[in-house]
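Secondary and tertiary structure notes
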Amino acid sequence: MGSRFPPLPTVSDLVRLYKLRAKKQLSQNFLLDMNLCHKLVKAAGDIGGAHVCEVGPGPGGITRAILQKDVQKLSVIELDKRFLPSLEVLQQSSAGKLDIHMGNIMKYDMESLFPESSSRVWNDKPPNIHIIGNLPFNVSTPLIIQWLEQISNRTGAWKFGRAKLTLTFQHEVARRIVADINTEDRCRLSIMCQYLCDVNLKFVIPGSAFVPPPKVDVGVVRFVPKKYPIINLPFKLVEKVTQHLFHYRQKKCIRGAQDLFPVDKPELVDEMFQIADIDPSLPCFKLGVEEVGRLCHVYQHICQRYPFIWDYNYRDQKSVYLTKLRQVDFMDQGTIT
Ligand code: SAM
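Residues numbered from 1 in each chain as written. Predicted model: local features only at pLDDT ≥ 70, side-chain atom pairs only at ≥ 80, totals over all residues.

1. A closer look at the environment of Gly96
What counts, and what does not: The way it works is that DSSP assigns letters per residue, a run of H or I at least four long becomes a helix, a run of E at least two long becomes a strand, and they are numbered from the N terminus. Exposed residues have 12 or fewer other C-beta atoms within 10 Å of their own C-beta, buried residues have 20 or more, and residues in between are partly exposed; the C-beta atoms are placed from the backbone.
With respect to the helices, strands and loops of the structure, Gly96 is situated in the loop between helix 4 (84-92) and strand 4 (98-102). What makes Gly96 exposed here is the crowd of 7 C-beta atoms within 10 Å. Taking the C-alpha atoms as reference points, Gly96 and Gln72, separated by 24 residues in sequence, lie 9.6 Å from one another.

2. Remarks on the UniProt feature "binding site: S-adenosyl-L-methionine" (unreviewed entry) in the protein
To be explicit about the condition: UniProt positions are given in the numbering used here, feature names are shortened, and annotations may be inferred rather than shown by experiment. Contact between two residues is assigned whenever their backbone-derived C-beta positions fall within 7 Å.
UniProt's feature table lists "binding site: S-adenosyl-L-methionine" (unreviewed entry) at Asn29, Leu31, Gly56, Glu78 and Asn134, given in the numbering used throughout. Note that Gly56 resides in the loop between strand 2 (51-55) and helix 3 (61-67). Here Gly56 falls in the buried class, since 22 other C-beta atoms lie within 10 Å of it. Those residues in contact with Gly56, other than ones at most four positions away along the chain, are Glu78, Gly133, Asn134, Leu135 and Pro136. Considering the arrangement of structural elements, one finds Asn134 in the loop between strand 5 (129-133) and helix 5 (137-153). Other than its neighbours up to four places away in sequence, Asn134 contacts Leu31, Gly56, Ile62 and Thr168.

3. Some words on the site of the ligand
The criterion, for reference: Nearness between a residue and a molecule or strand is assessed with a C-beta atom placed from the backbone; a distance within 6 Å qualifies. Under the scheme applied here, ten amino acids are nonpolar (Ala, Val, Leu, Ile, Met, Phe, Trp, Tyr, Cys and Pro), four are charged (Asp, Glu, Lys and Arg), and all others, including Gly, are polar.
Near the ligand, the surroundings consist of 22 residues, among which Phe30, Gly56, Gly58, Asn134 and Pro136 are the closest. Looking at the shell around the ligand, the elements with two or more residues in it are strand 1 (30-31), helix 3 and strand 3 (73-78). By residue class, the composition of the shell around the ligand is 12 nonpolar, 8 polar and 2 charged.

4. Some details on the UniProt feature "domain: Ribosomal RNA adenine methylase transferase N-terminal" (unreviewed entry) in the protein
Under the local residue numbering, the UniProt record ascribes the feature "domain: Ribosomal RNA adenine methylase transferase N-terminal" (unreviewed entry) to residues 36-227. For the annotated span residues 36-227, helix accounts for 30% and strand for 24% of the residues, and the straight-line distance between the end C-alpha atoms is 31 Å.

5. Describing helix 8 (residues 235-245)
Rule in force here: Read the arc as the range of directions from the helix axis to the C-beta atoms.
For helix 8, every residue scored as buried is listed here: Val238, Val241, Thr242, His244 and Leu245. Buried residues of helix 8, seen end-on, are gathered within an arc of 165° and therefore sit on one face of the element. Residues of helix 8 that are buried in the fold lie against helix 7 (188-196), helix 9 (253-258) and helix 11 (289-305).

6. Concerning the confidence of the model for the protein
Which entries qualify depends on this criterion: Per-residue confidence from the predictor is reported as pLDDT, which spans 0 to 100.
Per-residue confidence for the protein gives a mean pLDDT of 90, with 88% of residues at or over 70. Scored below 50 in pLDDT, residues 333-337 shows 8 contacts in the model against residues more than four places distant or in partner chains.

7. Observations concerning unusual backbone geometry
The omega angle of the peptide bond from Val211 to Pro212 is -10°, so this bond is cis rather than trans. Residue position: Pro212 is located in the loop between strand 8 (210-211) and strand 9 (218-225). For Ala95, which is not glycine, the phi dihedral falls at a positive 55°. Mapping Ala95 onto the fold places it in the loop between helix 4 and strand 4. For Ala95, a count of 9 C-beta atoms within 10 Å translates into the label exposed.

8. Some remarks on the pairing of strand 2
This is how it is decided: A strand pair is defined by DSSP finding two or more bridges across the two strands. When the strands point away from the viewer and the path from the first strand over the helix to the second turns clockwise, the crossover is right-handed.
Burial analysis of strand 2 places 5 of its 5 residues in the buried class, the great majority of the element. Burial along strand 2 is two-sided: His51, Cys53 and Val55 and Val52 and Glu54, pointing in opposite directions, are all buried. Sheet topology note: the strand 2/strand 3 ladder contains 5 bridges and is parallel. Looking at the pairing, Cys53 lines up with Ser75 of strand 3. Handedness of the β-α-β unit built from strand 2, helix 3 and strand 3 comes out right-handed. The pairing of strand 2 with strand 5 spans 5 bridges and is classified as parallel. Following the sheet pairing, Glu54 is matched in strand 5 by Ile132.

See below:
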């Protein structure tokens, strides 16, 4: 049974009362339609008794919908201080359940928000911890990449187990996150999200539902971290290989992979595809997550054999120069400096 609030001004009233005009540079598009706020919170699943972190509560529509689900604790993280008074109105009627943190989510350590008692072993069912947010467009992709790294390392909110996330993205980005193999939207983000999480596009909110309306529609995506990541390797390694593989969308996937290796070591990229048993002429969007994983494993072995390969960055002339020096040293002395 959800909590009932004493009569409160509506979110639209608060926006008017506090003259909360959206700031474009903070990607502020408010969801003031409470039916949609409830629908978004419902997409997170059963959050009764949960510890929830809401990112970017703004004037507090989704915040209200979360509080009405009888959560144990709701911590909100908001960058824009102008929202403090309207959030405090909600706090006063939340029976101590709402904690307000002013800060930048990109720098916020969520580990401090959850109690040790809610912790679960990774392979157990997920803890009753949820991360929910109508994310600002300008931070949504770097933020999910940062969180995926934390999921991979089991740090931050994921120190407590496989905490679920329900987040909004521009519809186009949401489609890329969930894109299947062999589809138009398949990209680096699809692999990075899908090797670590089960992802599900729950529903789409038309841009016209927001105030002010963005030019694009918005997709609500739910992430549940997998018990066993499909690729069991360090995040940075998977990220580097995936970034290269998906660099040239229209070309053969070997084209991007070539840039992982110095030009005078072309045999290594052939070796990578041969040992991984992948057809190098495939376009990248035809690669499955397991196939990318096999390429990552071979790349890791090559880096163990020639450690200077890991530091090599084809865009960085200094790194190209240093790689050459190390190669010469490696060949001359049989050692790497
Ligand atoms: N949740 C509200 C809603 O649905 O109406 C507001 C959503 S609005 C798209 C994004 C919110 O995130 C804004 O309140 C904005 O101030 C906040 N925000 C933007 N960048 C942020 C950051 N780096 N850290 C925390 N909050 C941020």
